[in-house]
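# Survey of secondary and tertiary structure
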Amino acid sequence: MSDQSRLDSTPAGKVWNFILLGAPGVGKGTQAELLTKRFGAVQLSTGEVFRAAKKLPVSEQTPAIKEAISYMQAGNLVPDSTVVAIVREKLHCPELHRGLLLDGFPRTVPQAEALSDILNTENIPLDAVLSYELPIEQVLERLGGRRTCPKCGASFHIKDRQPRVKGICDQCGTELIQRDDDRPEAIRVRLETYDRKTAPLIEYYQKKGLLIRVECGETPQETFARTLQALKLA
Ligand SMILES: [Zn+2]
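Position numbers for residues count from 1 along each chain, tracking the sequence in the order it is written. The predicted origin of the model limits local features to residues at a pLDDT of at least 70 and limits the giving and counting of side-chain atom pairs to 80 or more, whereas totals for whole chains, interfaces and linings rest on all residues.

### Digging into the packing of helix α4 (residues 63-73) against helix α5 (residues 80-91)
It is the contact of α4 with α5, at a shortest axis distance of 9 Å, that shows an interaxial angle of 145 degrees. For α4 against α5, the interelement crossing comes out left-handed. Residues Ala64, Ile65, Glu67, Ala68 and Tyr71 of α4 form the contact with α5, whose own contacting residues are Thr82, Ala85, Ile86 and Glu89. Just so you know the grouping, Ala, Val, Leu, Ile, Met, Phe, Trp, Tyr, Cys and Pro go in nonpolar, Asp, Glu, Lys and Arg go in charged, and all remaining residues, Gly too, go in polar. Of the residues that constitute the contact of α4 with α5, the class distribution is six nonpolar, one polar and two charged. Axis definition: a line fitted to C-alpha atoms, over the contacting stretch in the case of helices. Angles run 0 to 180 degrees between N-to-C directions. Numbered from the N terminus, helices here are DSSP runs of H or I no shorter than four residues, and strands are runs of E no shorter than two. Crossings are classed by handedness, with left-handed meaning an anticlockwise turn of the near helix from the far one by less than a right angle and right-handed meaning a clockwise turn. Throughout, a residue-residue contact means that the two C-beta atoms, derived from backbone geometry, are no farther apart than 7 Å.

Spelled out as structure tokens, the structure:
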């Protein structure tokens, strides 16, 4: 069955299960929020799970979470098997039958294969893998325009979120800086790394007929409208 007919044949009121992909700077986080609101789906972001895990009392830590924390505390990357174990725990949850939005997972083809097994076990059919795309020049403009206050951490943008006084933090009056991460060379490296790591995953979902590319618009609302169009819901 083609992508098209699969989407057209979905009944109204159906539960949607998505994976979101997108390079840093494309605004994927905002789309995740908008999709969650529209579909009532539960968002599972592995980055968020890890951040929350560190604050969990020990009594509430599952074995997989404990394992992840010990890797993070040692300054190591959490290995695939542990990430998969955490996702498995999280997906075994009745709430998810309202719909699922996965963000930050899977990152690799082996993770995608493991996910496919988990979703089969939990009876959660994957509807679409949304890949948000934006030309590199525009990502550079978005991320490269970011200015940060070194004292209070407030974040500004030379175009989209200007401080009241140019170059000065609204909140504490400190001179704003451009973080090393936000310099064009660093952004290029991050984007190249993302593309290299994600290309096999994109191909994997393309072969399965699940990949939907969404070209990012000027605003989050425009991108969201394109998402609904791509899903044949608008
Ligand atoms: Zn400040």
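Structure's up, so let's keep going.
### Quick look at unusual backbone geometry
The omega torsion across Phe105 and Pro106 is -5 degrees, close enough to zero to call that bond cis. Position of Pro106 relative to the elements: it lies in the loop between β3 (100-103) and α6 (109-122). You will see that Asn123, though not glycine, has its phi angle at about 60 degrees, which is positive. Note on placement: Asn123 falls in the loop between α6 and β4 (128-133). Counts of 20 or more other C-beta atoms within 10 Å of a residue's own C-beta define buried residues, counts of 12 or fewer define exposed ones, and intermediate counts define partly exposed ones; C-beta atoms are placed from the backbone. Judged by C-beta crowding, with 7 C-beta atoms within 10 Å, Asn123 ranks as exposed. Within the chain, Lys232 stands out as a residue other than glycine whose phi angle is a positive 60 degrees.

### Some remarks on the sheet that holds strand β1 (residues 17-22)
Strands are labelled as partners when DSSP assigns at least two bridges between them. If you trace the five strands from one edge of the open sheet to the other, you get β2-β3-β1-β4-β7, paired in parallel fashion. Among the strands making up the open sheet, the edge pair consists of β2 (42-45) and β7 (211-215). Averaged over all neighbouring strand pairs, the angle between strand axes comes to 25 degrees, with direction disregarded. In the sheet, β2 pairs with β3 via four bridges, with the strands oriented parallel. Of the residues in β3, the one forming a bridge with Gln43 is Leu101.

### A few points about the pairing of β4
For a regular strand, side-chain orientation follows a simple rule: the groups alternate between the two sheet faces. Of all six residues making up β4, five are buried, and the element is well covered by its neighbours. Note: β1 against β4, five bridges, orientation parallel. Note that in β4 the partner of Gly22 across the bridge is Tyr132. With five bridges connecting them, β4 and β7 associate as parallel partners. Opposite Val129, over in β7, you have Leu211 as the bridge partner.

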